[in-house]
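Chains, contacts and geometry: an overview
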Amino acid sequence: MSMFEQSAEAAAFLRARLGDVPDVAVVLGSGLGDFATGLTDAVTVPYQDIPHWPRATVVGHAGTVVAGSSKGRRVLALAGRAHYYEGHPLTVATFAMRVLGQLGVKHVVLTNAAGGINTRFSTGALMVIDDHINAMGINPLIGPNDERFGARFPDMSEVYSSRLRALADTTAAALGLPLEHGVYVAVCGPSYETPAEIRAFRTLGADAVGMSTVPEAIVARHQGMEVLGISCITNPAAGVLPQPLVHDEVMETARRVRGAFIGLLEGILERL
Ligand code: HPA
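Structure report, in brief. (Residues numbered from 1 in each chain as written. Predicted model: local features only at pLDDT ≥ 70, side-chain atom pairs only at ≥ 80, totals over all residues. Heavy atoms only, no water.)

1. Let's talk about the pattern of salt bridges
A complete count under the given rule lists 9 salt bridges for this structure. Taking the shortest distance from any N to any O, the salt bridge between Glu226 and Arg163 comes out at 2.9 Å. Note that Glu226 is positioned in strand S9 (residues 226–236) and Arg163 in helix H5 (residues 162–175), a separation of 63 residues in sequence. By relative accessible area, Arg163 is classed as partly exposed at 43%. (Salt bridge = Lys/Arg side-chain N within 4 Å of Asp/Glu carboxyl O. Helix = DSSP H or I, 4+ residues; strand = E, 2+ residues; numbered from the N terminus. Buried < 20%, exposed > 50% of the residue type's maximum accessible area, 1.4 Å probe, protein only.)

Next comes the structure, spelled out in structure tokens:
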């Protein structure tokens, strides 16, 4: 069965369970699952029930699709995502984006936890992704192209919508929330970077580093969806401080900042 047919099956299943499908989806990164549980009038579908959907295996990622309301705005929240480092081929890791496309979702907000490469960034800062560098050495669109999804050689000159980035700024200003901007570099993981890699990425123009988002953003753009990306800078990247990098710190910062992060998300959705 082709990816198109698989994602169509998953979309039909979700449509039957969710009823009216919202036109905006949010992919929740580490520690942000609370956003989904805070939605009202919510219908929750576990990933394992959805045909062909990969299961999330990382601690801190629930693995559910939730359709509900955030301050009166209907939204589809994806709590938990499949990463390349878990061993999924990138076509599988980005399956959710294919399903969102099939569901007619027009806007997708991708959130993540990231290491801060830019030394101006404080731990816990929120960063709008202005652009990305794909340092994964692989692309989710490799393989035969299905024109029903999009073009063989899709344009990537504005992956992250300038309209949505401006909306994030307006929202943050209204909330009195500081908001950084920068370039996100995606790596495969799961090992964290070396200090030499971080220095190299800084030289290349990257401000934050993480192990997700870029494959999803590429696939979303392939399908013509409007993308916004927001990173929570959970830790200084390797070598920025003379201390080792630990996953617990990443989760702890994500937890500490989630109130502000969720407030920003709600504000953006309200204005969308
Ligand atoms: N590197 C890669 N991925 C990450 C980091 C990091 O420092 N922090 C959170 N996700």
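2. A short note on empty space enclosed by the protein
The final tally for this structure, using the stated rule, is 5 cavities of 30 Å³ or more. One number sums up the size of the largest cavity: a volume of about 100 Å³. As for the largest cavity, its lining consists of 14 residues, of which Arg81, Ala82, Ala93, Ala96 and Glu216 are closest to the centre. Of all elements in the fold, only helix H3 (90–93) and helix H4 (95–102) reach the threshold of two or more residues within the lining of the largest cavity. (1 Å grid on protein atoms, 1.4 Å probe; cavity = no way out; pocket = protein on both sides within 12 Å on 5 of 7 lines; lining within 4 Å. Points joined across faces, edges and corners; volume = space filled by probe spheres on them.)

3. As for the nonpolar core
In terms of nonpolar packing, the biggest core is built from 44 residues, with Trp53, Leu76 and Val108 touching the most fellow members. Ala79, Val109, Ala168 and Leu264 belong to the second largest nonpolar core, which has 29 residues in total. (Core = buried A, V, L, I, M, F, W, Y, C linked by side-chain atoms within 4.5 Å.)

4. Describing the pairing of strand S3 (residues 64–70)
Most of S3 is tucked away, with 7 of its 7 residues classed as buried. Burial along S3 is two-sided: the face carrying Thr64, Val66, Gly68 and Ser70 and the face carrying Val65, Ala67 and Ser69 are both buried. In this structure, strand S2 (residues 40–46) lies alongside S3, joined through 5 bridges in antiparallel fashion. Paired with Pro46 across the two strands is Thr64, which belongs to S3. The pairing of S3 with strand S4 (residues 73–79) spans 7 bridges and is antiparallel. Among the inter-strand pairings, Ala67 is bridged to a residue of S4, identified as Leu76. (Pairing = 2+ DSSP bridges.)

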